[in-house]
Amino acid sequence: MTERARAEGRAGVWSGSWVAERLGVEVTGDETLTGMLGLALRRNPKRAHLLVSNVLGKHVPQAPSVVYGHGVALGRRVRDLLGEEAARSAVVLGYAETATGLGHSVADGLGPAPYLHSTRRPVAGVARAGGFEESHSHATSHLLLPEDPALLAGDGALVLVDDEFSTGNTVLNTVRALHERYPRERYVVVALVDMRSPADAGRLEEFAREIGARVDLVTAASGTVRLPPGVLDKGQELVARYEAPSTDADAGAGAGSGGAAGRVARVDLRWPDGVPDGGRHGFTAAHRERLEQALPEMAARIAGALPAGARRVLVLGCEELMYAPLRLAHALEGTVDAEVRYSTTTRSPVLAVDDPGYAIRTRLVFPAHDDPADGPGERYAYNVAGAGFDAVVAVVDSAADTPALHARDGLPARLAAHVPHVLLAVVPSYVPTAPHAPERPSMLPEPLRGPDFSSYPPDEVGWLLQDLSDVTLEAPTEEREEAIQSGGAHYAESLPVEYQPTEQYQELFHAALATSAARLARAVGAVTEIVLTERSPRPVLVSLARAGTPVGILMRRWARFRHGLDLPHYAVSIVRGRGIDANALRWLAGRHDPADVVFVDGWTGKGAITRELATALRAFEASDGITGFDPEIAVLADPASCVRTYGTRDDFLIPSACLNSTVSGLISRTVLRADLVGPHDFHGAKFYRELSGADLSTAFLDAVSARFPDVADAVDAQTKELLAADRTPTWEGWAAVERISEEYGIHDVNLVKPGVGETTRVMLRRVPWKVLARAGAGADLDHVRLLAEQRGVPVEEVDGLPYTCVGLIHPRYTRGATGADGRAVAL
């Protein structure tokens, strides 16, 4: 760009006229609009044009006082809109990458509001608090990584800041995603320009009514862009025609000082310890106060490193790192006599055309240098080359201060080809410290869903598991039992051969279901109502696979039936002695507030899984620094008296306990084996597609949920009674198990399985020794008696048993211990 061209631009040629004339694009609106915006062509197949802001400090170098002033002024307008009291409880959220500095400036104008911006850079050890998509962008995935997840959980107004409000899709996607997890009554959308079409203009009010919240809009200017038919094809044709070396400043050999490469030197800012480089993980009022105190000295250090006689200086930020360079530039503007300008690099690919009617005159191209999650690629600095700068202060964070930055084609070298003096200032990247945070990949796979994995419909449950369907894992029951008891293998390292029920046994299942469907429906309704009342108005149901999964689905169905809620539901693996799947917890924490997660299981036996979960969550907090998961399990039946959230404490037959995979979506019990499940994998399970002819999973769910209307009044009464009752766990089940273990000479509580559900599991999966049945127990034990008869296991009636029945696994089993009386037990 020549000095004459710059003068033409200042003389009144609108920097959008080149595109407008060639594409037929019309920009209309406020008188100030064309002064704030120019036009360029995207190198992007999704959109032809780019609105280029003259006051944002991204593509066009601008006086930092102008850039910062626009953001602060918008923040003050938001403060006036909310009122002083409401402004004090507001939180500001900016959009990466373009609006990170604008959003931070809005937060400064608003007052003491904390600030957070979305990011496209995953940070190891920091869990996601949310995320959303930007459909038109070249890089869509936004992450929310606050150091304190509570930052988004308050009830004050959420102020969302973007550079432009064009279709409204990005903002609506964000609000929809956040409102589901962190509902609040008020949102304020802030943008430099409102460029919505008439068709889009009414969507904001309609959306506000939909979510039941107030949504206000604050902008500096407004207008519309009218696009003619075929504009995308025409734009791509223009890009192809003008995309030539002459449009790229890097193609030329000349530097700003007669062709010689400029000098690159570092300047030590002495950035204040503990002050974040921006809002990626949150920026508080206390951070702001410390930064304000340090800015004059840092600006003085930059001024002292500038060459004598520098008349025109650019402070250049780096992608999302916009606010720190802006504030440094603003402070420098008041420190030196030179003309100070500010802009930042970007990943946005834009055509450069050296014409006064075009907003992007020159382009510097250099490789990414911050190890981006989407891999290597080009990055750009626009309108820098040929702009007459005597010096450029390039500001990067320490995560981007890499060998790639200092390579021959890196940013400083590219700048030095056009500017005589380049200063590099490095701001330390702020990363929240999680004690002993394990190294792990930044992204985990999305949940498995039916029909590809499980026979449940895809909206009923997402399985946070990996599919091991093609791996042979089944072993004969006797071999598994011997290996487990001898310490040679853990029970989760193999699977029992799937029990195929006889016709007589299936008849018992259907009879039990017909008898107990209403009772189950009441328990489902009661436990769901307690969860909604005491745990969260919009809980995230996380069932413990696999027995908990049908219960989680039924709870989800009740919430939809009675309250119109569409609750998220996932299934995760928990393994006795190994804990819950930590990668599943990380996935959940990255997408939901851990405080909203409610773990769900079918029933309690002696309370071992309850204890296992509590222990595992304490270990997870210590390892990952992620808090908020509640170890209290919600169950249909709590005969062990070890939880507070239940539908009943009666020990009765839950028909889903009668079968294995054929009543649980055809999914096996979960598997945890080192050669199959790595440190960064979900636990595994198998999908038994071949058993689809015997599948009763949906029939079981439908039979129970069909009774919901019949039991609604009974559920209200039962819930009211439970909420008023003392539900403090007494752990009497654990005490009973310890007593039975000693009385029968077993000396291992893991071999004592109390309750109808656990006894059934013993009969189906393990080598049973005997069954203890409460004297007088009736039809609830018909299926247990049938299984016992089939396997030659005695059923012993016991007076005063706290459970309907207890299953005893053969103690110290070897394949020689075939006698049901236990006399052949190897000691």
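Right, let's walk through the structure included here. Just so it is clear, the model here is predicted, and its values are computed rather than measured.

What counts and how
- Within any chain, residue numbers begin from 1 and follow the written order of that chain's sequence.
- With the structure being a predicted model, the display of local features is reserved for residues of pLDDT at least 70 and the display and counting of side-chain atom pairs for 80 or more, all residues being used for whole-chain, interface and lining totals.
- Computation of side-chain values covers all heavy atoms of the structure but excludes hydrogens and water.
- Strands here mean DSSP runs of E at least two residues long; helices mean DSSP runs of H or I at least four residues long; both are numbered from the N terminus.
- Each residue gets one of three labels from its accessible area relative to the maximum for its type: buried under 20%, exposed over 50%, partly exposed in between, using a 1.4 Å probe on protein chains only.
- Exposure was quantified through the Shrake-Rupley algorithm and a 1.4 Å probe, taking into account, for residues, occlusion by the shown protein chains and nothing else.
- Note: two strands are recorded as paired if DSSP finds a minimum of 2 bridges between them.
- Contacts were defined at the residue level, with two residues in contact if any of their heavy atoms lie within 4.5 Å.
- Only the stretch in contact is used when fitting a helix axis, every axis being a line fitted to C-alpha atoms; angles between N-to-C directions are given from 0 to 180 degrees.
- Each nonpolar core is a collection of buried residues, namely Ala, Val, Leu, Ile, Met, Phe, Trp, Tyr and Cys, held together in the definition by side-chain atoms within 4.5 Å.
- Helix span, as expected, comes to 1.5 Å for every residue beyond the first.
- Two rings from Phe, Tyr or Trp (for Trp, the six-membered ring) form a pair when their centres are within 6.5 Å of each other. A pair whose planes differ by under 30 degrees is stacked, one over 60 is edge-to-face, and the rest are tilted.
- In these notes the angle categories are as follows: under 35 degrees is roughly parallel, over 145 is roughly antiparallel, 65 to 115 is roughly perpendicular, and the rest is oblique.
- Put simply, a crossing is left-handed when the front helix is turned counterclockwise from the back one by less than a right angle, and right-handed when it is turned clockwise.
- Think of it as three bins: nonpolar holds Ala, Val, Leu, Ile, Met, Phe, Trp, Tyr, Cys and Pro, charged holds Asp, Glu, Lys and Arg, and polar takes everything else, Gly as well.
- The rule for a salt bridge is simple: a side-chain nitrogen of Lys or Arg has to be within 4 Å of a carboxyl oxygen of Asp or Glu.

Moving on, we come to the overall build of the chain. When helices and strands are tallied, the chain shows 23 helices and 33 strands. When each of the 827 residues of the chain is scored for burial, the buried share is 60%. Accessible surface, the chain: about 31,400 Å² in total, of which carbon and sulfur atoms supply 50%.

Our next topic: the environment of Ala416. Its place among the elements puts Ala416 in helix α13 (residues 411-416). Among the residues examined, Ala416 registers a relative accessible area of 5% and is labelled buried. For the pair formed by Ala416 and Val264, sequence separation is 152 residues and the distance between their alpha carbons is 6.8 Å.

The parallel open sheet is built from six strands, whose spatial order is β18-β23-β22-β26-β27-β28. Each edge of the open sheet is held by one strand with a lone partner, namely β18 (462-463) and β28 (645-648). Together, β18, β22 (540-544), β23 (569-572), β26 (597-603) and β27 (634-637) form the strand contacts of helix α16 (residues 548-563), whose direction differs from that of β26 by roughly 120°.

This part takes up the nonpolar core. Of all hydrophobic cores here, the largest spans 119 residues; its most connected members are Leu41, Leu110, Val159, Val190, Tyr358 and Val393. Membership of the second largest hydrophobic core comes to 58 residues, among which are Tyr456, Leu532, Met555 and Ile667.

Over its 17 residues, helix α18 (residues 608-624) extends 24 Å from the first C-alpha to the last, a length consistent with the 24 Å expected when each residue adds 1.5 Å. When we look at burial in α18, the residues that qualify are Ala608, Thr610, Glu612, Leu613, Ala614, Ala616, Leu617, Phe620 and Asp624. One or two residues past the end of α18 sits Gly625, with phi positive at roughly 70°.

Another point: the packing of aromatic side chains. Scanning all chains against the criterion turns up 13 aromatic pairs. Put simply, the rings of Phe453, Tyr456, Trp463 and Phe687 touch in pairs and so form one group of aromatic residues.

All right, on to unusual backbone geometry then. With omega at -5°, the peptide bond leading from Ala96 into Glu97 counts as cis. As for its placement among the helices and strands, Glu97 is situated in the loop between β4 (91-94) and α6 (100-110). Arg546 follows Ala545 through a cis peptide bond whose omega is 5°. One non-glycine residue, Glu319, lies in positive phi territory at about 50°. Locating Glu319 in the fold gives a position in the loop between β12 (312-318) and α12 (323-333).

Relative to the helices and strands, Glu333 is located in helix α12. For Glu333, a relative accessible area of 24% gives the class partly exposed. Expressed as a C-alpha distance, the spacing of Glu333 and Ala303, which sit 30 residues apart in the sequence, is 9.7 Å. Discounting chain neighbours no more than four positions away, the residues touching Glu333 are Ala63, Pro64, Ser65 and Val340.

On to the sheet that holds strand β11 (residues 263-266). The parallel open sheet is built from five strands, whose spatial order is β11-β17-β16-β12-β13. The strands lining the two open edges of the sheet, one partner per strand, are β11 and β13 (339-345). Each adjacent strand pair in this sheet contributes to an overall mean axis angle of 20°, direction not counted. Alignment of β12 against β13, held across seven bridges, turns out to be parallel.

This part takes up the pairing of strand β31 (residues 768-774). Here is the key point about a regular strand: its side chains alternate between the two faces of the sheet. Here β31 lies mainly inside the structure; six of its seven residues are buried. Both β31 and strand β33 (residues 805-809) contribute to a ladder of five bridges, which runs antiparallel. Bridge assignment links Ala773 to a residue of β33, and that residue is Cys805. Note that β31 and strand β32 (residues 795-798) share four bridges and pair parallel.

Extensive coverage of α6 is indicated by the burial of 11 of its 11 residues. Within the span of α6, buried status applies to Thr100, Gly101, Leu102, Gly103, His104, Ser105, Val106, Ala107, Asp108, Gly109 and Leu110. Where α6 ends, the next residue or the one after it, Gly111, has phi of about 130°, a positive value.

Helix-helix packing is described using two parameters, namely the angle between the two axes and the distance between the axes. Relative orientation of the contacting elements helix α4 (residues 64-82) and α6 amounts to 50°, with a least axis distance of 6 Å. By the angle between their axes, α4 is oblique relative to α6. Relative to α6, α4 is oriented so that their crossing is right-handed. Taking contact as the criterion, the partners of Tyr68, Gly71, Val72, Leu74, Gly75, Arg76, Val78, Arg79 and Leu82 in α4 are, on α6, Leu102, Ser105, Val106, Asp108, Gly109 and Leu110. Along the lines of polarity and charge, the residues of the contact of α4 with α6 split into eight nonpolar, four polar and three charged.

Throughout the structure, instances matching the rule amount to 37 salt bridges. A salt bridge links Lys58 to Glu97; the nearest nitrogen and oxygen atoms lie 3.1 Å apart. In this pair, Lys58 is assigned in the loop between β3 (49-53) and α4 and Glu97 in the loop between β4 and α6, connecting sequence segments 39 residues apart. The exposure classification of Lys58 matches that of Glu97, with both residues buried.

This paragraph deals with the packing of α16 against helix α20 (residues 708-724). Two elements in contact, α16 and α20, have axes separated by 12 Å at closest approach and are oriented at 85°. It follows that α16 is roughly perpendicular to α20 by the angle criterion. On α20, the residues that touch Leu554, Arg557, Trp558, Phe561 and Arg562 of α16 are Phe708, Pro709, Val711, Ala712, Val715 and Asp716.

The subject of this paragraph is the side chain of Asp370. Relative to the helices and strands, Asp370 resides in the loop between β14 (363-367) and β15 (378-382). Once you skip the residues sitting within four places of it in the chain, Asp370 turns out to touch Arg121, Ala399 and Ala400.

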